[in-house]
Amino acid sequence: MSPAGLRGLLRAIPVAARVCAVVAFANAACWSIATPAFQGADEQAHFAYTQVLAQTGKLPSSSAETFSPEEDLALTDEHFREVVLNPTRTPLASRRQARLLQHDLALHAPRHGNGAAGVAVSQPPLYYALQSIPYALGAGGTLLDRLELMRLFSALLAGITALFVFLFLREALPAAPWAWTAGALAAALAPLLGFTSSAVNPDALLLTVSAAIFCVLARAFRHGLTRRLALALGALLAAGFLTKLNFLGLAPGVFVGLALLTRRQARAPCAGSGPYRAAALAVAIALTPVLAYVARNLLTHRAGLGLLSNALHATAGHGSITAEISYVWQLYLPRLPGMTNDFPGISTTFQIWFKGFVGRYNWLETVFPNGVYDLALLPAATIGALSVRALWLGREALRARLPELATYVLMTGGVMTLTAADSYLMFPNLDAGVSEPRYMMPMLALGAAVLALAARGAGRRFGRAAGALIVLLILTHNAASLLLEISRYYG
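Residues numbered from 1 in each chain as written. Predicted model: local features only at pLDDT ≥ 70, side-chain atom pairs only at ≥ 80, totals over all residues. Heavy atoms only, no water.

Considering the overall build of the protein chain
Moving on, step 1. Looking only at helices and strands, the protein chain features 22 helices and two strands.
Moving on, step 2. The globule rule puts the C-alpha radius of gyration for 491 residues at 23 Å, and the 23 Å found for the protein chain is close to it.
Moving on, step 3. Principal-axis analysis of the C-alpha atoms places the extent of the protein chain at approximately 70 × 65 × 55 Å.
Moving on, step 4. Within the protein chain, counting contacts between residues at least 6 apart in sequence, those at least 24 apart form 74% of the total.
Moving on, step 5. The average position of the 37 basic charges and that of the 24 acidic charges among the side chains of the protein chain differ by 16 Å. (Helix = DSSP H or I, 4+ residues; strand = E, 2+ residues; numbered from the N terminus. Rg over C-alpha atoms; globule rule 2.2 N^0.38 Å. Contact = heavy atoms within 4.5 Å. Lys, Arg positive; Asp, Glu negative; His and termini not counted. Charge placed at Lys NZ, Arg CZ, Asp CG, Glu CD.)

This is how it looks when you write it as structure tokens:
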């Protein structure tokens, strides 16, 4: 794209959207500074994956937690294994330890390891291939220099995510322009977005791809499925499959949305077979990475779907389908009569999900005092009530948008089901083992829509004031979360 074309593209983006993007980037950058090296979720493994790919041009081949001599040295000097899950320990407790780390990093230990990337080894390569760019830019510095450049790239993705959230709200709520800014700005300031996109983690790219998909779907449902939008959706689906396995939960709902859009577009006068051809091309683009992955596994005598095949086999041998459905239900909702109690003594809705969204950071061991979570119930209930009021007042318009809403519900349900099914593999040895609220963050655009609807639910007279208060509430929440993070490691 020429410089003139790029300037034209930027001018087409509303100023408010650009502001939201800058705020999201700045917020994630602040989190990247506050969080010590490798204390982001599985960051040590994701860094190792990038390092293997950047240094050798090959994908990691081992799930061992023994990385390159350079990274192992940094992890040792930062007391990584002693700090993880132990809030009483900090990475660098004295100036002597900090000087030792700097001294050892200056020794330029070898960056080539044995090809190990820990828990990240099973993930697709797109995010890590992109991260190899800032890794290469920092090749002349120490490991910490490269790590921070890579974190800033994730922060940049947070900015792009907020931009797509704004554009989604513009399409989804066309009658309230002021609500677009309120919802997108609240999303940009969300502490969970800042924390997730402040580290080296493919979740950062997954959030960007997901927000872009919501934007394209909303535009297609509002204006019709053009060939360009169908191809954009196919490309985004392909990018999602290449980013992280969690995207498998989102994809079925997107395909259903594409089918609904194609059917509606085909009913238009003089449509012919054009919509079907565009949809078929989109599906072909989307499934190309999946088919290439299956072919590679079959040619190397592995299970066709790789890790997914292993997970399906493990699930089949883990218990009955009824038991798994019961577990999935109870992970999110109160237990129904006749169900075995898989979570005795706790409310999963409150203990896992609500408290997680309010704030459980790092390795889920950095938490607020219990009173904070109780206090957060009031604003959460108020926002929920106002958003329901807005939906009720707009119920006539909603009837015409049921296919769009059904698509979003299926996408959300798919993500929730995949997260629960993955967690079920560890049950009963570990209750809700991988059920972290950050796995729900691909639904960030819908969360922003809820906040925008809450502002609208306050009515014409108080709507803008309610929107400002919601943004202020999220800003305060983010500031408190950053202070919590700082106190955890530097207090």
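Okay, back to it.
Some points on the pattern of salt bridges
Moving on, step 1. Taken as a whole and assessed by the stated rule, the structure comprises eleven salt bridges.
Moving on, step 2. For the salt bridge of arginine 401 with glutamate 404, the shortest nitrogen-to-oxygen distance reads 3.1 Å.
Moving on, step 3. When salt bridges with common partners are traced through the structure, they connect Asp203, Lys244, Glu436 and Arg438 into a single cluster. (Salt bridge = Lys/Arg side-chain N within 4 Å of Asp/Glu carboxyl O.)

Considerations on the packing of helix H17 (residues 348-359) against helix H18 (residues 370-393)
Moving on, step 1. Between H17 and H18, the least distance of the axes is 10 Å, while the angle of their chain directions is 85 degrees. As judged from the angle between their axes, H17 and H18 are roughly perpendicular. Contacts between H17 and H18 involve Phe350, Phe354, Lys355, Val358 and Gly359 from the first element and Asn370, Val372, Tyr373, Asp374, Ala376, Leu377 and Ala380 from the second.
Moving on, step 2. Grouping the constituent residues of the contact of H17 with H18 by class yields eight nonpolar, two polar and two charged. (Axes fitted to C-alpha atoms, helices over the stretch in contact; angles between N-to-C directions. Parallel < 35°, antiparallel > 145°, perpendicular 65-115°, else oblique. Nonpolar A, V, L, I, M, F, W, Y, C, P; charged D, E, K, R; others polar.)

Here's the deal with the side chain of glutamine 97
Moving on, step 1. Tracing the sequence through the fold places glutamine 97 in helix H6 (residues 95-105).
Moving on, step 2. Residue classification places glutamine 97 among the buried residues on the basis of a relative accessible area of 17%.
Moving on, step 3. What glutamine 97 contacts, discounting residues up to four positions off in sequence, is His79, Pro91 and Leu92. (Buried < 20%, exposed > 50% of the residue type's maximum accessible area, 1.4 Å probe, protein only.)

A short note on a nonpolar patch on the surface
Moving on, step 1. Together, Phe25, Ile133, Leu137, Leu149, Leu152, Leu156 and Ile160 make up an exposed nonpolar region whose accessible area comes to about 600 Å².
Moving on, step 2. Looking at the nonpolar patch, the elements with two or more residues in it are helix H7 (126-137) and helix H8 (143-172).
Moving on, step 3. With four residues, H8 is the single largest residue contributor to the nonpolar patch.
Moving on, step 4. Structurally, the position occupied by leucine 156 is in helix H8. (Patch = residues over 30% accessible without salt bridge, like charges linked within 9 Å, V, L, I, M, F, W, Y side chains within 5 Å. Areas by Shrake-Rupley, 256 points an atom, 1.4 Å probe, with all protein chains shown as cover.)

Thoughts on helix H12 (residues 227-241)
Moving on, step 1. With 15 residues, H12 should reach 21 Å at 1.5 Å per residue; the first-to-last C-alpha distance of 21 Å fits that figure.
Moving on, step 2. Looking at H12, one finds that the buried residues are Leu229, Ala230, Leu233, Gly234, Leu236, Leu237, Ala238, Ala239, Gly240 and Phe241. (Expected span 1.5 Å × (residues − 1).)

A short note on the packing of aromatic side chains
Moving on, step 1. Taken as a whole, this structure holds 18 aromatic pairs when the rule is applied.
Moving on, step 2. Centre to centre, the rings of phenylalanine 214 and tyrosine 408 are 5.5 Å apart; their planes meet at 50 degrees, and the pair counts as tilted. With phenylalanine 214 in helix H11 (residues 203-223) and tyrosine 408 in helix H20 (residues 402-424), the pair connects residues that are 194 residues apart, well separated along the chain. Taken individually, phenylalanine 214 and tyrosine 408 each receive the classification buried, so the pair is uniform in this respect.
Moving on, step 3. Counting every residue linked through ring pairs, the aromatic cluster contains Trp31, Phe195 and Tyr361.
Moving on, step 4. Positioned above the aromatic ring of tyrosine 373 is the side chain of lysine 355, whose terminal nitrogen or guanidinium carbon lies 4.9 Å from the ring centre.
Moving on, step 5. Between the NZ or CZ atom of arginine 395 and the centre of the ring of tryptophan 392, over which it lies, the distance is 4.0 Å. (Phe/Tyr/Trp six-rings, centres within 6.5 Å; stacked < 30°, edge-to-face > 60°. Lys NZ or Arg CZ within 6 Å of the ring centre and 35° of its normal.)

Looking at the environment of methionine 416
Moving on, step 1. Residue position: methionine 416 is located in helix H20.
Moving on, step 2. Spatially, the C-alpha atom of methionine 416 lies 30 Å from that of alanine 458, the residues being 42 residues apart in sequence.
Moving on, step 3. If we ignore the near neighbours within four places in the chain, the residues touching methionine 416 are Tyr332 and Met440.

Things to note about H11
Quick reminder: α-helices carry 3.6 residues per turn. Residues three or four places apart thus point the same way.
Moving on, step 1. For H11, spanning 21 residues, the distance from its first C-alpha to its last is 30 Å, which sits close to the expected 30 Å at 1.5 Å a residue.
Moving on, step 2. H11 sits mainly inside the fold: 18 of its 21 residues count as buried.
Moving on, step 3. Taken from the residues just after H11, glycine 224 is the one with a positive phi, measuring 105 degrees.

Looking at unusual backbone geometry
Moving on, step 1. Unusually for a residue other than glycine, histidine 108 sits at a positive phi of about 55 degrees.
Moving on, step 2. Tracing the backbone shows histidine 108 in the loop between H6 and H7.
Moving on, step 3. Even without glycine at this site, leucine 364 takes up a positive phi of about 70 degrees.
Moving on, step 4. Along the chain, leucine 364 falls in the loop between strand E1 (360-361) and strand E2 (366-367).

Concerning the environment of methionine 411
Moving on, step 1. Summarising the element assignment, methionine 411 is placed in helix H20.
Moving on, step 2. A relative accessible area of 0% means that methionine 411 is categorised as buried.
Moving on, step 3. The spatial distance from the C-alpha of methionine 411 to the C-alpha of leucine 386 is 24 Å, given a sequence separation of 25 residues.
Moving on, step 4. Ignoring sequence-local partners within four residues, the contact set of methionine 411 consists of Ile213, Phe214, Leu217, Gly249, Leu250, Gly253, Val254 and Met443.

Let's talk about the packing of H11 against helix H13 (residues 247-266)
Moving on, step 1. It is at 11 Å that the axes of H11 and H13 come closest, and there the two elements cross at 15 degrees. In terms of orientation, H11 lies roughly parallel with respect to H13. Seen along the crossing, H11 lies across H13 with a hand that is left-handed. In this structure, H11 contributes Leu206, Val209, Ser210, Ile213, Leu217, Ala220, Phe221 and Arg222 to the contact, and H13 contributes Phe247, Leu250, Val254, Gly257, Leu261 and Arg264.
Moving on, step 2. Residue composition of the contact of H11 with H13, by class: ten nonpolar, two polar and two charged. (Left-handed = near helix turned anticlockwise from the far one by under 90°.)

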